[in-house]
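Residues per chain, in single letters:
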Amino acid sequence: MLPSIGIVKILHESLREFPVRALVVDPVMVSTSGDVLAGPSILSSFREELLPMADIITPNIKEASALLGGMPLETVADMRSAAKALHAIGPRNVLVKGGDLPDSLDAIDIFFDGKDCHELRSSRIKTRNTHGTGCTLASCIAAELAKGSSMLSAVKVAKHYVETVLEYSKDIFIGNGRQGPFDHLLRLKNGIHNSHRQGTFNPSNLFLYAVTDSQMNKKWGRPMVDAIEAAIEGGATIVQLREKDAETREFLEMAKACVGICRSYGVPLLINDRVDVALACDADGVHVGQSDMPARIARTLLGPEKIIGVSCKTPEQAQQAWIDGADYIGCGGVYPTNTKANNPTLGLDGLKAVCLASKLPVVAIGGINASNAGSVMETGVSNLKGVAVVSALFDRESVLAETRNLHAILMEAASQVK
Ligand SMILES: Cc1ncc(COP(=O)(O)OP(=O)(O)O)c(N)n1
Ligand SMILES: Cc1nc(C(=O)O)sc1CCOP(=O)(O)O
Ligand SMILES: [Mg+2]
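We now turn to the structure provided with this report. (Residues numbered from 1 in each chain as written. Chains lettered and ligands numbered in written order. Predicted model: local features only at pLDDT ≥ 70, side-chain atom pairs only at ≥ 80, totals over all residues. Heavy atoms only, no water.)

## Describing the site of ligand 1
Stage number 1. Close to ligand 1 lie 14 residues; R242, K244, D273, D292 and S311 are nearest.
Stage number 2. With respect to ligand 1, the side chain of Q240 contributes an N or O atom lying 2.9 Å from a nitrogen atom.
Stage number 3. Isolated, ligand 1 exposes 420 Å² of accessible area, and the fraction of that covered by the protein chains is 91%.
Stage number 4. Across the shell around ligand 1, the residue classes break down as 3 nonpolar, 6 polar and 5 charged. (Near = heavy atom within 4 Å. Polar contact = N/O pair within 3.5 Å; in protein donor to acceptor, adjacent residues only side chain to side chain. Areas by Shrake-Rupley, 256 points an atom, 1.4 Å probe, with all protein chains shown as cover. Nonpolar A, V, L, I, M, F, W, Y, C, P; charged D, E, K, R; others polar.)

## Details of the site of ligand 2
Stage number 1. In the vicinity of ligand 2, 14 residues are found, and the nearest of them are T337, T339, N343, G367 and S391.
Stage number 2. Between K313 and ligand 2, the recorded distance is 3.0 Å, taken from a side-chain N or O atom to an oxygen atom.
Stage number 3. Backbone polar atom of G333 to an oxygen atom of ligand 2: 2.8 Å apart, as the coordinates give it.
Stage number 4. Contact with the protein chains hides 94% of the accessible area of ligand 2, taken as 420 Å² for the molecule alone.
Stage number 5. Of the residues in the shell around ligand 2, the class split is 3 nonpolar, 8 polar and 3 charged.

## Remarks on unusual backbone geometry
Stage number 1. In this structure, G333 follows G332 across a cis peptide bond, with omega equal to -5 degrees.
Stage number 2. For D273, which is not glycine, the phi dihedral falls at a positive 70 degrees.
Stage number 3. Although it is not a glycine, N342 adopts a positive phi angle of roughly 55 degrees.
Stage number 4. For N342, the location among the structural elements is in the loop between β11 (328–331) and α14 (347–356).
Stage number 5. Overall, the relative accessible area of 79% leaves N342 in the exposed class. (Helix = DSSP H or I, 4+ residues; strand = E, 2+ residues; numbered from the N terminus. Buried < 20%, exposed > 50% of the residue type's maximum accessible area, 1.4 Å probe, protein only.)

## Concerning helix α10 (residues 248–265)
Stage number 1. Compared with an ideal rise of 1.5 Å per residue, which puts 18 residues at 26 Å, α10 spans 26 Å between its outermost C-alpha atoms and is within 8% of the ideal.
Stage number 2. Within the sequence span of α10, burial applies to F251, L252, M254, A255, C258, V259, I261 and C262.
Stage number 3. Each element contacted by the buried residues of α10 is listed here: α9 (224–234), β7 (238–241), β8 (269–272) and α11 (275–281).
Stage number 4. Looking one or two places after α10, you find G266, whose phi comes out positive at around 70 degrees. (Expected span 1.5 Å × (residues − 1). Contact = heavy atoms within 4.5 Å.)

Below, the structure is given as structure tokens:
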């Protein structure tokens, strides 16, 4: 809430001097309750100074109309035109919030990124407790961007959060006045933070990352589901189904069976390469490499809740993974491997360079086994969260024993680093 031209100017100068990673501008002028919070005198400084710097602006329809010189906004089509007109002023993305749109059963927002216009719908919750919804939405977008989400994904998560909290707090009665507040602590109170399916990705899941290989399991004469169950029993904290030879239908059937096993243990299951298979079996996410579907597109297809990992061998790729909205990076080959043909070896220095280039959690992969896993973990880079392993678990007689042993080694190394 910036009530004077002087304050807008100081903010503008400070942001030029100390640029931020992502600037979310909620041009607070008229509240949902109709109160005027910043007068028309500062409209031009908003337009000229703040809006062009913004990564996203989030006006409600009254604010969008005011910023556009009183343009009437009564329909979704008007909101689309307004989003485009506001984009022309300079912000990189625009979200026009239609919560106050008359005659609409849903709460419809229009998101425009300069190219595509998205209509984002959520159900309209009947409640008087709407105080602070706009501020919460903008803050949640900022928090999601800080965590590395793409813009559209951040907006979707924020909208979903506001909708969920409105529903949760719709019957609270406290205080006086026409509107009541809503209760942001829903997740804590409902224990949602304990469930990776409903919350966001937990980087500690990367600690012991088991990547399957059907050839190896065939060689040892065991079904894939048995191998996965043994790995989980031994301490695997996440599983990736990596099927390089299977036909789509066979892959999907296997994936469904593996989802069942992993879900019964509360361990996330990711699908390597195939976003379609991940969607079809409702896996927890995908892992994609530099020649697979780009993570940015996978995020659009899978939505904000699914886990997306990206293989990165260079600091540039690591920076891109963050921009694309990935949840974690798989970095390798740390050591030479026979499991993936022609895979370049980065060594521990290459691994460190990738870790330092990103805030995303990283899992190391490639030639890692019981004899070198400790050294990998002891590199001590704070965002290196674990190791991903194929042959050292699955090209062995006892998956259970190998996973247990590796888990113990990693626990020991992690305690040294602390
Ligand atoms: C955890 C993890 N890291 C890296 C990879 C390799 O992915 P990619 O480069 O796409 O190669 P393929 O595995 O698809 O051959 C991975 N699968 N998992
Ligand atoms: C699947 C994969 N990706 C790699 C990468 O460097 O991105 S190395 C690799 C194979 C890892 O198998 P193992 O644990 O048997 O060495
Ligand atoms: Mg791949």
